[in-house]
There are 2 protein chains.
Amino acid sequence: MADRTTSRVASQADVSETNRSRILTHLHRHGVCSRAQIAKALGLTPAAVTKITARLIEAGVIRETGAPGGRNRRAIGLELAADAFHVIGVKFARSLVQVGVFDLNGTRLALETLPPVTDETVPRTVGEVRRTVAGLIERDPRIVAVGMAVPGPYLREVGRTALVSTMQGWRTVNFLDEFSGAFPAPVFIEQDARAGALAQTLFGASPAVATVTTATAADDTCLAYYLLGEGVGLGVVDHGRLVNGAQGTATEVGHISIDVNGRPCDCGNRGCLERYCSTPAIHAMVDDAGIVEGSAAMSHAQACRALFALAQEGDARARGLVREVGHAVGYGLVIIANAFNPSRIVIGDIVAEAGPLLLEAAREVMDERVIAEVTQATEVTASALPTDAAVLGAGAIAITRFLERPSAFLDLT
Amino acid sequence: MADRTTSRVASQADVSETNRSRILTHLHRHGVCSRAQIAKALGLTPAAVTKITARLIEAGVIRETGAPGGRNRRAIGLELAADAFHVIGVKFARSLVQVGVFDLNGTRLALETLPPVTDETVPRTVGEVRRTVAGLIERDPRIVAVGMAVPGPYLREVGRTALVSTMQGWRTVNFLDEFSGAFPAPVFIEQDARAGALAQTLFGASPAVATVTTATAADDTCLAYYLLGEGVGLGVVDHGRLVNGAQGTATEVGHISIDVNGRPCDCGNRGCLERYCSTPAIHAMVDDAGIVEGSAAMSHAQACRALFALAQEGDARARGLVREVGHAVGYGLVIIANAFNPSRIVIGDIVAEAGPLLLEAAREVMDERVIAEVTQATEVTASALPTDAAVLGAGAIAITRFLERPSAFLDLT
């Protein structure tokens, strides 16, 4: 109903590109497939598949391999040449910038953590990112694109993060101006939780899930990545497409209020979700309660991890506080379910490390406060990707673009 | 970025359909255009436009007319034959069902209000809707489709509204089972605020705005329709596409909490926005404050309208209450801006009748609580469509479908 998506496509060239993208995405998702399997799964004629795959083999992005799964053991399999193309992912946080190199399967080939950033050293860090990325591209000719993940709210057309304190030092930086033309490879920039949603879409499903997923299901993906870290962020894929908003600042769940008379927030609102379950908020609660010895001197992440460790050891006060945070996380789940109705909510970043105790408290709130038909149909899990793989989200931005617009990266004429 | 929309299109037939849809939508939006203007606006070759429009003229959906605007006064204009095709819109509310007939321009040709519905008479009303619609189709061969608007949360695949009290009597009705195959014309069903968003997209722009809108801008539409009536609902178009969610129950803003310890709601949540600015909530506040004489015996709409009239006459207590409601409406604007970042929020239904006093109070809250970059870029207006035109939203569902999938309604082979 009211699906205006098709109105963008208007030429035979677009159709060819679309079918190339569908074949690459299918192989990315399913591994080795025969031409006949691809044709069947995507509703293409065998002749079309033969023609398109021939061109993609020539371009080196897919290759013939052993037999695929299924009955016909003599069929020739095709697979994505995932190691033939690399991408760079750059993850910006307030005080930490990481640069990773990945192949198309998300395998990490390199990871570099830049020196800690303070508000004063931001310009220097920008220079270091430029040099680091340029050096990587120079040494690795397989690198075809750069993805960058920045904290939200990120004003996509303007190129900078909006005026919220967690990124004070960064908000003078125009990411588009600084980076978009800086390298021989194209640069794509996204808000970090959107990058996380893309990473979950590409790499987050367990193999069992991936097997039953069809090409149609990929278009029907309704997934939310709920980032609980230094900030609280959200990325939503609705029926295969990111929810962006006019300026690119949609899905800013961290600044939705759970209590309009609650704790004041730098964004101007009161009772913002972020004030109850981000790492700085948890750190403040840990300090107030005096639960973790010496917590005042710790970083936010350290204080949170110390709390979670105490809770896992059975400390009653720590468990109580983790449950309290879990309830706040649950109020966020209620917002996400009502606003976006995803079939799957993946919780990621540091706060997700608290584990089942937090997740169960959050789920209780959701089950109590969301209508039965919706909460029963919504899966909530902690991310299966490791926390320090957050930089993979930045890589996923570039990989997604590569799979969607192959002709921008390959010579397919 | 990460725009997977094109992956659905795979054949030449799809391309043709897409281009037909784009041409019809362009003419719907812009009125009379020459073939050259269409080609330029949509990036099509003149030959393609000539071929496609010839077929559409044969099918009777467009026709040649006088000269279009612009310099070339001798060019032949094309226009949509908006009066050659009619649609039916059926709007379901708890106690009121209206049936309207519209042409493609949204001109209302007939309106019928069925007898008031109670929980007991729902089955009878279903029968009456069937008879009324069937009768209209029998008498008017131009009718090509039926749109139905139902209160949310509407479970799109299941065909019924979810378990929330405002539709108690209706929740046993499966709309898909009752209506989808009931008529010679196809039936399309949507949640009512989504229908409102479609109506705003098709008919809500002022003529001045419509003139500068280009085909690209149509794809870039980011609009929210914020329905403030017996329930509080929301329909969001993000970059030209409705936000639906996995089950079709996304954008259920009425059940997002503005205070997790607030007024209990039948959905299981507490402090739901709906409990502060829907007509039943306002009615209860009016009764409690004793502002309107005899309000307890009034309908919700009557009590609200009496309050608004008193406020407009300058009654201080009435003005205070309207401002209080306006603040709650504003908390909703804050949620909408953070969650969906539309460029335009249109407030509709009965509560919008309160006028500038309410709108200004709501806007104050939004300006205070949403980051400057976003609130400054967000237009908030009351709907320019009359309240009793809500049934037009139901018609808009059918018109949208007609413009998007013309081959389903016309013989174009």
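Before reading further, recall that the structure is shown in the block above.
Residues numbered from 1 in each chain as written. Chains lettered and ligands numbered in written order. Predicted model: local features only at pLDDT ≥ 70, side-chain atom pairs only at ≥ 80, totals over all residues. Heavy atoms only, no water.

Caption draft 1: View of the overall build of chain A. Scanning chain A for helices and strands turns up 15 helices and 15 strands. Burial statistics for chain A: of 413 residues in total, 60% are counted as buried. By sequence separation, contacts in chain A at least 24 residues apart represent 62% of the contacts at least 6 residues apart. Carbon together with sulfur atoms contributes 51% to the accessible area of chain A, which is approximately 15,600 Å² in total. (Helix = DSSP H or I, 4+ residues; strand = E, 2+ residues; numbered from the N terminus. Buried < 20%, exposed > 50% of the residue type's maximum accessible area, 1.4 Å probe, protein only. Contact = heavy atoms within 4.5 Å. Areas by Shrake-Rupley, 256 points an atom, 1.4 Å probe, with all protein chains shown as cover.)

Caption draft 2: Structural view of the interface of chain B and chain A. With 77 residues of chain B at the contact, the number on the chain A side is 77 residues. Roughly 7,100 Å² of surface becomes buried between chain B and chain A when both sides are summed, with 50% attributable to carbon and sulfur atoms. At the junction of chain B with chain A, the criterion picks out two salt bridges. With its nearest N and O atoms 3.6 Å apart, the salt bridge here joins Arg160 of chain B to Glu373 of chain A. The interface formed by chain B and chain A holds 34 residue pairs in polar contact (both at pLDDT 80 or more) in total. Counting residues per element, the ones that place at least two in the side of chain B that touches chain A are helix H1 (12-30), strand E10 (187-191), helix H6 (192-204), strand E13 (241-242), helix H12 (316-340), helix H13 (356-369), helix H14 (372-375) and helix H15 (390-404) of chain B. Here the side of chain B that touches chain A is composed, by residue class, of 34 nonpolar, 24 polar and 19 charged. (Buried area = accessible area lost by both parts, 1.4 Å probe. Salt bridge = Lys/Arg side-chain N within 4 Å of Asp/Glu carboxyl O. Polar contact = N/O pair within 3.5 Å; in protein donor to acceptor, adjacent residues only side chain to side chain. Nonpolar A, V, L, I, M, F, W, Y, C, P; charged D, E, K, R; others polar.)

Caption draft 3: Spotlight on the sheet that holds E10 of chain B. Residue and element names in this part refer to chain B. Spatial ordering of the open sheet is given by E6-E5-E4-E7-E10, a layout of five strands whose pairing is mixed. With one partner strand each, in any of the chains shown, strand E6 (108-113) and E10 form the two edges of the open sheet. Across the sheet, the mean angle separating the axes of adjacent strands is 20 degrees when strand polarity is ignored. Across five bridges, the pairing between strand E7 (residues 143-150) and E10 is parallel. (Pairing = 2+ DSSP bridges. Axes fitted to C-alpha atoms, helices over the stretch in contact; angles between N-to-C directions.)

Caption draft 4: Region of the structure containing helix H4 (residues 122-139) of chain A. Residue and element names in this part refer to chain A. Here H4 is 18 residues long and its end C-alpha atoms lie 26 Å apart, about the 26 Å a rise of 1.5 Å per residue gives. Here H4 has its buried residues at Val122, Thr125, Val126, Gly127, Val129, Thr132, Val133, Gly135, Leu136 and Ile137. Against the buried residues of H4 lie strand E4 (86-92), strand E5 (97-103), strand E6 (108-113), strand E7 (143-150) and helix H5 (175-179). (Expected span 1.5 Å × (residues − 1).)

Caption draft 5: Main features of the relation of the copies chain B and chain A. Superposition record for chain B on chain A: RMSD 0.1 Å, screw rotation 180 degrees, translation along axis 0.0 Å. Expressed as an axis order, the relation between the two copies is that of a two-fold axis. Distance from the rotation axis, computed per C-alpha, reaches its smallest value in chain B at Asp259 of chain B: 2.0 Å. Most of the interface of chain B is mirrored in chain A, where 100% of its interface residues are also at the interface. (Least-squares fit on C-alpha atoms with pLDDT ≥ 70 in both.)

Caption draft 6: Main features of the environment of Val146 of chain A. All names here are of chain A. With respect to the helices and strands, Val146 occurs in strand E7. Judged by relative accessible area, Val146 falls into the buried class, the value being 0%. Separated by 33 residues in sequence, Val146 and Phe179 have C-alpha atoms that sit 9.7 Å apart. Sequence-distant contacts of Val146, defined by excluding residues within four places in its chain, comprise Ile88, Val90, Val133, Ile137, Ala185, Pro186, Val187, Phe188 and Ala398.

Caption draft 7: Geometry of unusual backbone geometry. Looking along the chain, the bond that leaves Gly152 of chain A and enters Pro153 of chain A is cis, with omega of -5 degrees. Within the secondary structure, Pro153 of chain A sits in the loop between E7 and strand E8 (154-155).

Caption draft 8: Spotlight on the state of the cysteines. Residue and element names in this part refer to chain A. Inspection of every chain in the model, using the stated rule, returns zero disulfides over all chains. For Cys265, which is in no disulfide, the shortest distance to another cysteine sulfur is to Cys272 and amounts to 3.8 Å. Distance from the sulfur of Cys272, which forms no disulfide, to the nearest cysteine sulfur (Cys267) is 3.6 Å. (Disulfide = S-S within 2.5 Å.)

Caption draft 9: Structural detail: the sheet that holds strand E1 (residues 33-34) of chain A. All names here are of chain A. Strands sit in the order E1-E3-E2 across an open sheet of three strands; the sheet is antiparallel. The strands lining the two open edges of the sheet, one partner per strand, are E1 and strand E2 (62-65). Of the strand pairs in this sheet, E1 and strand E3 (residues 77-80) are connected by two bridges, and their pairing is antiparallel. Bridging across to E3, Ser34 finds its partner in Gly77. Sitting on the sheet, helix H1 (residues 12-30) touches E1, E2 and E3, and the angle it makes with E3 is about 95 degrees.

Caption draft 10: Highlighting the pairing of E6 of chain A. Here E5 of chain A pairs with E6 of chain A via five bridges, running antiparallel. Along E6 of chain A, the bridge assignment pairs Phe102 of chain A with Arg108 of chain A.

Caption draft 11: Just the packing of aromatic side chains, in detail. This model, assessed by the stated rule, comprises 19 aromatic pairs over all chains. The structure contains a cluster of three or more aromatic residues connected by ring pairs, namely Phe92, Tyr154, Trp170, Phe175 and Phe179 of chain A. (Phe/Tyr/Trp six-rings, centres within 6.5 Å; stacked < 30°, edge-to-face > 60°.)

Caption draft 12: Broad picture of the pattern of salt bridges. All names here are of chain A. Evaluation of the coordinates by the stated rule reveals 26 salt bridges over all chains. With a shortest N-O distance of 2.8 Å, Arg35 and Glu64 are connected by a salt bridge. Taken together, the residues Arg35 in helix H2 (residues 35-42) and Glu64 in strand E2 connect sequence positions 29 residues apart. We classify Arg35 as partly exposed; its relative accessible area is 22%. Assessed through its relative accessible area of 44%, Glu64 is described here as partly exposed. Among the charged side chains, a network of salt bridges with common partners joins Arg63, Glu79 and Asp83.

Caption draft 13: Just the packing of H1 of chain A against helix H15 (residues 390-404) of chain A, in detail. Residues and elements named next belong to chain A. At their nearest, the axes of H1 and H15 sit 7 Å apart, and the two run at 130 degrees to each other. Here H1 is positioned oblique relative to H15, judged by the angle of their axes. Between H1 and H15, the contacting residues are Glu17, Ser21, Leu24, Thr25 and His28 on the first element and Ile399, Leu403 and Glu404 on the second. Classifying every residue of the contact of H1 with H15 gives three nonpolar, three polar and two charged. (Parallel < 35°, antiparallel > 145°, perpendicular 65-115°, else oblique.)

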